[in-house]
Amino acid sequence: MGDSSASSNRVKLRDGRFLAYRERGVPKEKAKYKIILVHGFGSSKDMNFSASKVKMLYILSGLFQELIEELKVYLLFYDRSGYGESDSNMKRSLESEVDDIVDLADHLQLGPKFYLIGISMGSYPTWVFRCLCRLSGVAFVAPVVNYRWPSLPKKLIKKDYRRGIIKWGLRISKYAPGLLHWWVIQKLFPSTSSVLESNPVYFNSHDIEVLKRTTGFPMLTKDSLLERNVFDTLRDDIMACFGKWDFEPADLSISKESYIHIWHGKEDKVVPFQLQRCILQKQPLINYHEIPQGGHLIVHYDGICDAILRSLLLEEEQQKL
């Protein structure tokens, strides 16, 4: 399959919506490992999971392709509801995000178990999926944290400005979405074309270097956000992610055989690494990988994708030896 023959198709879900997806790696019939990647906020199925420096692009991309062929990995990328070529779900929720993954996996006949990799905000449907016990393993890459989780120490989150922004945004999204749309367009785009790209408030120096060579957030440009359906998709995604959950990671039953990994940058300005450490205190069997100079875009750093695949897929094999 590989990069040169990556395909993009759509499947019809049980509720009649269509979900777009893209396949990569070895054919699933020959794959030893099958992985679904869940993209983050403003991204899509076209995200690059093997990014590298421009001058080494072809060499390192080739090495990554050799890795997935060596391990016999099948990769499945998809556009979450309302993103890219997928239809919107007016009733998006934690549960509907999981249902979409289940429908996709069943339609493509991935079998009773597979792996998930959740990127940034793509982590919230991944956390929910753990409840279904259908996964061989999970990797969270720079995962978001819901400030409503009871296990988070109040002293830690009380003065976190991100918590205030999310709380304010949820309230306005619920009661005055039109006002929020106007505010985003008028206030967040005084002179730039993107709300996030190259902004030091959100990204460290390594992230900004990544954004110079990598397509950032296609749905977060001013032109895209002028489209109300795009804005509504992003708003609904935020409300599902940061709304009230009926469980949290601290509640999950995690064993050594769960094979859960969290990858996080110590310089992440979107989700503070301290919040991930709080989760680890409640769930010490999670494998935690902290990148000392990593920001929020560590999935695009050289060698990180290789490391994620090796740690996620080979851990089970090593424990069997």
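About the criteria used
Residues numbered from 1 in each chain as written. Predicted model: local features only at pLDDT ≥ 70, side-chain atom pairs only at ≥ 80, totals over all residues. Heavy atoms only, no water. Patch = residues over 30% accessible without salt bridge, like charges linked within 9 Å, V, L, I, M, F, W, Y side chains within 5 Å. Areas by Shrake-Rupley, 256 points an atom, 1.4 Å probe, with all protein chains shown as cover. Salt bridge = Lys/Arg side-chain N within 4 Å of Asp/Glu carboxyl O. Helix = DSSP H or I, 4+ residues; strand = E, 2+ residues; numbered from the N terminus. Buried < 20%, exposed > 50% of the residue type's maximum accessible area, 1.4 Å probe, protein only. Contact = heavy atoms within 4.5 Å. 1 Å grid on protein atoms, 1.4 Å probe; cavity = no way out; pocket = protein on both sides within 12 Å on 5 of 7 lines; lining within 4 Å. Points joined across faces, edges and corners; volume = space filled by probe spheres on them. Nonpolar A, V, L, I, M, F, W, Y, C, P; charged D, E, K, R; others polar. pLDDT = per-residue confidence, 0-100. Arc of directions from axis to C-beta. Polar contact = N/O pair within 3.5 Å; in protein donor to acceptor, adjacent residues only side chain to side chain. Core = buried A, V, L, I, M, F, W, Y, C linked by side-chain atoms within 4.5 Å. Pairing = 2+ DSSP bridges. Right-handed = clockwise from strand over helix to strand, strands pointing away. Expected span 1.5 Å × (residues − 1). Phe/Tyr/Trp six-rings, centres within 6.5 Å; stacked < 30°, edge-to-face > 60°. Lys NZ or Arg CZ within 6 Å of the ring centre and 35° of its normal.

Colleague: Got a minute to help me understand a nonpolar patch on the surface in this structure?
Modeller: A cluster of nonpolar side chains, W168, L179, W182 and W183, forms an exposed patch at the surface whose accessible area comes to about 440 Å². Broken down by element, the residue count for the nonpolar patch peaks at three residues, all from helix α6 (residues 177-187). For W168, a relative accessible area of 41% corresponds to the partly exposed category.

Colleague: I tried to follow the environment of F41 on my own but got confused; where do I start?
Modeller: With respect to the secondary-structure elements, F41 resides in the loop between β3 (33-38) and α1 (57-71). In this structure the C-alpha to C-alpha distance between F41 and M219, which are 178 residues apart in sequence, comes to 8.6 Å. Beyond its immediate sequence surroundings of up to four residues, F41 is in contact with R80, Y83, M121, F217, L220, L234, D237 and I238.

Colleague: Which parts of the structure should I look at to understand the layout of surface pockets?
Modeller: Over the atoms, a rolling probe the size of a water molecule traces out where space has been left empty. When its volume is computed, the second largest pocket comes out at roughly 310 Å³. If you go around the second largest pocket, you meet 13 residues; those closest to its centre are R148, I166, K167, L170 and F242. Elements that contribute at least two residues to the lining of the second largest pocket include exactly α5 (161-175) and α9 (228-242). Sort the elements by how many residues they give to the lining of the second largest pocket and α5 lands first, with seven residues. Among the residues making up the lining of the second largest pocket, the classes are represented as six nonpolar, two polar and five charged.

Colleague: Would you mind going over the confidence of the model for the chain with me for this structure?
Modeller: Close inspection of predicted coordinates is inappropriate for parts of the model with low pLDDT. Considering every residue of the chain, the mean pLDDT works out to 86; 86% of them sit at 70 or more. Under a pLDDT of 50 for its full length, residues 1-5 has, in the predicted model, 12 contacts with residues more than four places off or in other chains. pLDDT under 50 marks residues 51-60. Its contacts with residues more than four places away, or in other chains, come to 13 contacts.

Colleague: Is there a simple way to explain helix α7 (residues 205-213) in this structure?
Modeller: Working note: α-helix, 3.6 residues per turn, so residues spaced by three or four point in the same direction. Among the residues of α7, those classed as buried are D207, I208, V210 and L211. Down the axis of α7, the buried side of the element spans an arc of 155°, and every buried residue falls inside it. In α7, the exposed positions angled more than 90 degrees off the buried face are occupied by S205 and K212. Capping the start of α7, N204 holds a side-chain oxygen 3.2 Å from the backbone nitrogen of H206, two or three residues further along.

Colleague: Help me out: how do you make sense of the nonpolar core in this one?
Modeller: In globular proteins that are soluble, nonpolar side chains generally tend to be buried together. Ranked by size, the top nonpolar core spans 98 residues in total, and within it F49 and I117 carry the most contacts. Filtering out sequence-adjacent residues up to four positions away, F49 remains in contact with L37, F64, F77, I117, V299, C305, I308 and L309.

Colleague: Just to check I follow, could you spell out unusual backbone geometry for this structure?
Modeller: The backbone phi angle of Q109 is positive, close to 55°, even though this residue is not glycine. Take Q109: it is sitting in the loop between α2 (94-107) and β5 (114-119). A positive phi is found at Y259, a non-glycine position, where the angle reads about 55°. Examined against the element boundaries, Y259 turns out to sit in the loop between α9 and β7 (260-265).

Colleague: Any chance you could explain the pairing of strand β8 (residues 287-291) here in plain terms?
Modeller: In regular strands, side chains alternate between the two faces of the sheet. Two elements, β7 and β8, share five bridges in a ladder whose sense is parallel. In the strand pairing of β8, H261 is matched with N287. At this point the chain moves from β7, through helix α10 (residues 273-282), to the parallel β8, and the crossover so formed is right-handed.

Colleague: Whenever I open this one, the pattern of salt bridges confuses me. Can you help?
Modeller: Under the definition given, this model contains 19 salt bridges. R235 is paired through a salt bridge with D236; the nearest N and O atoms lie 3.1 Å apart. Exposure class is identical for R235 and D236. Each is buried.

Colleague: Where do I start with the environment of F247 in this structure?
Modeller: Along the chain, F247 falls in the loop between α9 and β7. For F247, a relative accessible area of 12% puts it in the buried group. As a C-alpha pair, F247 and W127 span 120 residues in sequence and 9.8 Å in three-dimensional space.

Colleague: What is the right way to look at α9 in this model?
Modeller: If you check α9, its first and last C-alpha atoms are 21 Å apart, about what 15 residues at 1.5 Å a residue would give, namely 21 Å. Three or more residues of α9 are buried, namely V230, F231, T233, L234, R235, D236, D237, A240, C241 and F242.

Colleague: Sorry if this is basic, but what is going on with the side chain of S44 here?
Modeller: Its place among the elements puts S44 in the loop between β3 and α1. Of note is the side chain of S44, whose polar atom sits 3.1 Å from the backbone nitrogen of D46. Excluding its chain neighbours within four sequence positions, the residues that come into contact with S44 are H39 and D79.

Colleague: For this particular structure, what's the right way to read the packing of aromatic side chains?
Modeller: In this description, a pair of aromatic rings is defined by centroid distance and the angle of the planes. Taken as a whole, this structure holds five aromatic pairs when the rule is applied. Ring centres of Y33 and Y115 lie 5.9 Å apart, and the angle between their planes is 70°; this geometry places the pair in the edge-to-face category. Taken together, the positions of Y33 in strand β3 and Y115 in strand β5 put the pair 82 residues apart, joining distant regions of the chain. We classify Y33 as buried; its relative accessible area is 5%. Aromatic pair W149 and W245: ring centres 5.2 Å apart, planes at 75°, arrangement edge-to-face. Of the two residues, W149 sits in the loop between β6 (135-141) and α4 (154-157) while W245 sits in the loop between α9 and β7, which places them 96 residues apart along the sequence. When sorted by exposure, W149 lands in the same class as W245, which is buried. The lysine or arginine in question, R22, covers the ring of F77, its NZ or CZ lying 4.3 Å from the ring centre.

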